[in-house]
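The residues making up each chain are set out below.
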Amino acid sequence: MGVEAHATNERVTGRRWTVRLDPVGRGRADVRVSCSRPACTAQVLPSAAAGRTAAIAHLKAHLRAGPAPRPSVHCACRAEECHTHIRPAGPRERPVPWRCGGAVVLAVITDREGRWWQVLECCSRCAAAHPTAKVVATAQAAEAPPRGDGFRADAPARATPGGPAATTPAFSAVGPHFSHSAAATGTAVPQQASGPRTSAPRSARPTRKRPPRGRIAQRLVPHDLRPVALRDELTELGELFRAYQARTEPDLAVLADLHARKAEAFHAWAEVTADTGLRLDAQRAEQAAATARLQHLHRIGQAPDGEGPAVARLLTAPAQWNHARAVLAHVAENAPLPGAEARLLVLMVTLRTAQSGVGNLVGQDIKGLPLRDPEQLVGQLVESGWLGIPGTVEELIASRPESPTRISVPSLTPDEDDPGPFTFGRKLRPKLSGWAQRVVGEKKLRKGKTEADVRLLALALATGADGEGRLGPAGEGIGLDGLSSWCSVDPAGLPDLVDRLTAADWLAEADVTDTLLTGRLTERVLPLGCPLT
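The structure reproduced in this document is the subject of the present report. (Residues numbered from 1 in each chain as written. Predicted model: local features only at pLDDT ≥ 70, side-chain atom pairs only at ≥ 80, totals over all residues. Heavy atoms only, no water.)

Regarding the overall build of the protein
This is how it is decided: Helix and strand assignments come from DSSP, with helices taken as H or I runs of at least 4 residues and strands as E runs of at least 2, each series counted from the N terminus. Exposure is judged per residue with a 1.4 Å probe applied to protein chains only, and the accessible area is read against the type maximum: over 50% gives exposed, under 20% gives buried, and values in between give partly exposed. Here a residue-residue contact requires only that any non-hydrogen atoms of the pair lie within 4.5 Å. Methods summary: accessible areas were calculated by the Shrake-Rupley approach with a probe of 1.4 Å, and residue burial reflects only the protein chains presented.
Scanning the protein from terminus to terminus reveals 17 helices and 13 strands. Every one of the 533 residues in the protein was classed for burial, and the buried ones make up 40%. In the protein, once contacts between residues fewer than 6 apart in sequence are set aside, the share between residues at least 24 apart is 62%. Carbon and sulfur atoms provide 52% of the accessible area of the protein, an area that totals close to 29,500 Å².

Spelled out as structure tokens, the structure:
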């Protein structure tokens, strides 16, 4: 992009171009990738992830095809008085040429959100001053002209045709490589690459190394922070938080302890520096610690302050539990076909279409149920007029998640005179459907290859126990007549179903009399329960 230097004292400004990632329009997912180089045309990609990948590939192509950095150019950033230049103490001064230093490099910088990438031909000092810079190539320093020709030995070399400055610059041993994930987080440490220096005394001068600076909550821990124990604690906490974020599985107890330590350390930091922002961060860390600890207790089934055992239920409110019981009662009264398998299929389809009478269904939803002949059963529902499908039964069974089948249940379709049998809202329908799917497809029921009647009994018991899992109101039990009617089995067959649920670790202390089933749900399945209120 820049013109070559002439055999005069003039030095051209380094090259510079930018690749950007911008939204196409408000509320749209697609993005536009553009490059500031004149020959490049913009691209429109369907998502931010695809756009970021295309932007990086485009930038890498430029880096591979373009020329290496030239040793005789000025910093590209000096043209705009780059704020990263080291300024002297005192009033603000205009940057002067000797603020730059080191070999000329080709550096890539980016914003922390990964929305743009900029390539600069600049000096290594300016590249190192950018926190997100990644040096991809370093120019070889030109040979110094011999003494006695009127030039200083450490003066910049001039690019003359066939002269020393025409030497081909060499790329670094590691090829041009950077990724949007590393650049966006700002964690990549820029490597300051410098070519051989012509001034022996300066190159022999030992470099002064500062101790590494800690970082926590987007704050840098000062080198001179005292007491030293506080500085070390903040540095260690930052490393522990980053290690926790790299975990594959969360541990809320560990997270709560980290937030508690952070709150204490930030309170001490605020006392030392009198920084109000640190004090507010400490308060937020205390709140985060309390929230994480409460979530941990709920997850392991305990409650704070001796409030008794807490259960994180899939359906969380009494209104949701009552609506689940209402759906089961409606299916029991209005199932178009007899038998446990037909009732189970009708229940699952009803929950998919309960709100508007229409919904989506895929083959796996049907094949995942314990049905001996799902095609025949679906065909019978279609022939009875209860279920409507746009194509054939075979097409419904073969449909996949990317192309679901639109089904309809006329008896559930609301109109002006009949709003439908259910009163719950649109957002609750998928929750109820997900709850029933979790109960019917529970791991041990599925591995035990239990039939439809056993899973219908599991649904009935999940909605017929109290908050502690005891069956029936106040733990008095559930009538056998109602259970046998719901499961479509003879009352004499209920003990066998109860034994199957006991073997699957659903029931404990179960006892079947002539009229009642007593017992309780095991703690393992309490989260699936809808307690009686």
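A few points about the pairing of strand β4 (residues 104-110)
Inclusion rule: Strands qualify as paired when DSSP identifies two bridges or more between them.
Among the seven residues in β4, seven count as buried, and that is most of the element. Alternating residues of β4 divide into Val104, Leu106, Val108 and Thr110 and Val105, Ala107 and Ile109, and every residue in both groups is buried. Looking at chain direction, β4 and strand β5 (residues 116-123) are connected through seven bridges and run antiparallel. Bridged to Thr110 within β5 is Trp117. Counted along the chain from β4 to the antiparallel partner β5, the turn is five residues long, and its residue Gly114 has a positive phi close to 70 degrees. Pairing of β4 with strand β6 (residues 134-138), which is carried by four bridges, proceeds in the antiparallel orientation. Bridging across to β6, Ala107 finds its partner in Val135.

Points about the packing of helix α8 (residues 318-334) against helix α13 (residues 428-440)
Applied cut-off: Axis geometry follows a simple rule: fit a line to the C-alpha atoms, using only the stretch in contact for helices, then measure angles between N-to-C directions, giving values from 0 to 180 degrees. Note on angle classes: values under 35 degrees are labelled roughly parallel, values over 145 roughly antiparallel, values of 65 to 115 roughly perpendicular, and the remainder oblique. If you view the pair so one helix is near and one far, a crossing is left-handed when the near helix is turned anticlockwise from the far one by less than a right angle, and right-handed when it is turned clockwise. Amino acids are sorted into nonpolar (Ala, Val, Leu, Ile, Met, Phe, Trp, Tyr, Cys and Pro), charged (Asp, Glu, Lys and Arg) and polar (every other residue, Gly among them).
The geometry of α8 relative to α13 is characterised by a closest axis approach of 11 Å and an angle of 70 degrees between their N-to-C directions. Relative to α13, α8 is oriented roughly perpendicular. In this structure, α8 meets α13 at a crossing whose hand is right-handed. Each of Gln320, His323, Ala324 and Leu328 in α8 lies in contact with α13, whose residues at this interface are Leu428, Lys431, Leu432 and Trp435. Among the residues making up the contact of α8 with α13, the classes are represented as five nonpolar, two polar and one charged.

Quick notes on the sheet that holds β4
Ordered by their spatial adjacency, six strands build an open sheet running β3-β2-β1-β5-β4-β6, and the pairing between neighbours is antiparallel. Two strands close off the open sheet at either side, each with one partner strand: β3 (43-45) and β6. Sheet twist, expressed as the mean angle between neighbouring strand axes with direction ignored, is 20 degrees. On the sheet, helix α1 (residues 48-65) packs against β1 (16-23), β2 (31-35), β3, β4, β5 and β6 and is oriented at approximately 170 degrees with respect to β1.

Some details on the side chain of Lys262
Going by this rule: Here Asp and Glu are counted as negative and Lys and Arg as positive; His is not counted, and neither are the chain ends. The rule for a salt bridge is simple: a side-chain nitrogen of Lys or Arg has to be within 4 Å of a carboxyl oxygen of Asp or Glu.
Locating Lys262 in the fold gives a position in helix α6 (residues 252-273). The charged side chain of Lys262 is buried without a salt bridge, its nearest counter-charge being Asp281 at 6.3 Å. If near-sequence neighbours (up to four positions away) are discounted, Lys262 is found in contact with Ile216, Ala217, Leu237, Phe241 and Ala285.

Some thoughts on unusual backbone geometry
For residues that are not glycine, phi is negative in most cases, and the peptide bond is trans in most cases. Backbone torsion omega between Arg226 and Pro227 reads 5 degrees, so that peptide bond is classified as cis. Counting through the fold element by element, Pro227 comes out in the loop between β8 (219-220) and α5 (228-245). Positive phi outside glycine occurs at Lys449, with the angle close to 55 degrees. Residue position: Lys449 is located in the loop between α14 (443-447) and α15 (452-462). A relative accessible area of 68% means that Lys449 is categorised as exposed.

Some remarks on the sheet that holds strand β12 (residues 507-512)
The strand order across the open sheet built from three strands is β11-β13-β12, with neighbouring strands paired in antiparallel fashion. Two strands bound the open sheet, and with one partner strand each, they are β11 (478-479) and β12. Bridging between β12 and strand β13 (residues 516-521) involves four bridges; their strand directions are antiparallel. Following the sheet pairing, Asp511 is matched in β13 by Thr518.

Observations concerning the pattern of salt bridges
Applying the stated criterion across every chain yields a total of 22 salt bridges. Here Arg352 and Asp365 are joined by a salt bridge, their closest N and O atoms 3.0 Å apart. Of this pair, Arg352 sits in helix α9 (residues 340-353) while Asp365 sits in helix α10 (residues 363-367), and the two are 13 residues apart along the sequence. One network of salt bridges, in which partners are shared, links Glu442, Lys444, Asp505 and Arg524.

Digging into the environment of Pro69
Assignment of secondary structure puts Pro69 in the loop between α1 and β4. With relative accessibility at 0%, the residue Pro69 sits in the buried group. For the pair formed by Pro69 and Leu120, sequence separation is 51 residues and the distance between their alpha carbons is 9.4 Å.

Some remarks on the nonpolar core
Soluble, globular proteins show a tendency: their nonpolar side chains are buried together. Keep this limit in mind: Residue types Ala, Val, Leu, Ile, Met, Phe, Trp, Tyr and Cys, when buried and joined through side-chain atoms within 4.5 Å, form a set referred to as a nonpolar core.
One finds Trp435, Leu461 and Trp506 to be the most contacted residues of the largest nonpolar core, which totals 72 residues. Ignoring any residue separated from it by four or fewer positions in sequence, one finds Trp506 in contact with Val439, Glu442, Leu445, Ala458, Ala462, Leu501, Arg520, Leu521, Thr522, Arg524, Val525 and Leu528.

Side note on a negative patch on the surface
Under the convention used in this document: Residues form patches when they are more than 30% accessible in relative terms and have no salt bridge. Like charges link within 9 Å. Nonpolar side chains (Val, Leu, Ile, Met, Phe, Trp, Tyr) link within 5 Å. A charged residue contributes its charge at one atom only: NZ of Lys, CZ of Arg, CG of Asp or CD of Glu.
A surface patch of like charges, here negative, comprises Asp373, Glu375, Glu394 and Glu395. Tracing the backbone through its elements, the reader meets Asp373 in the loop between α10 and α11 (374-383).

Regarding the packing of α9 against α15
Relative to each other, α9 and α15 sit at 50 degrees, their axes nearing to 8 Å. Relative to α15, the element α9 lies oblique. Where α9 crosses over α15, the two elements pack in a sense that is left-handed. Mapping the contact onto sequence places Ala340, Glu341, Arg343, Leu344 and Leu347 in α9 and Ala452, Asp453, Leu456 and Leu459 in α15.

Overview of the packing of aromatic side chains
Using the following cut-off: Note on aromatic pairs: the rings of Phe, Tyr and Trp (six-membered ring only in Trp) are paired at centre separations within 6.5 Å, and the planes decide the class, stacked below 30 degrees, edge-to-face beyond 60, tilted for the rest.
One pass over the structure, following the stated rule, counts two aromatic pairs. Judged by centre distance (5.5 Å) and plane angle (80 degrees), the ring pair of Phe266 and Trp269 falls under edge-to-face. Taken together, the positions of Phe266 and Trp269, both in helix α6 and three residues apart, correspond to about one turn of that helix. Here Phe266 and Trp269 have matching classes, each one buried.

Concerning the environment of Thr291
Assignment of secondary structure puts Thr291 in helix α7 (residues 276-299). As for Thr291 and Leu252, which are separated by 39 residues in sequence, their C-alpha atoms are 9.4 Å apart.

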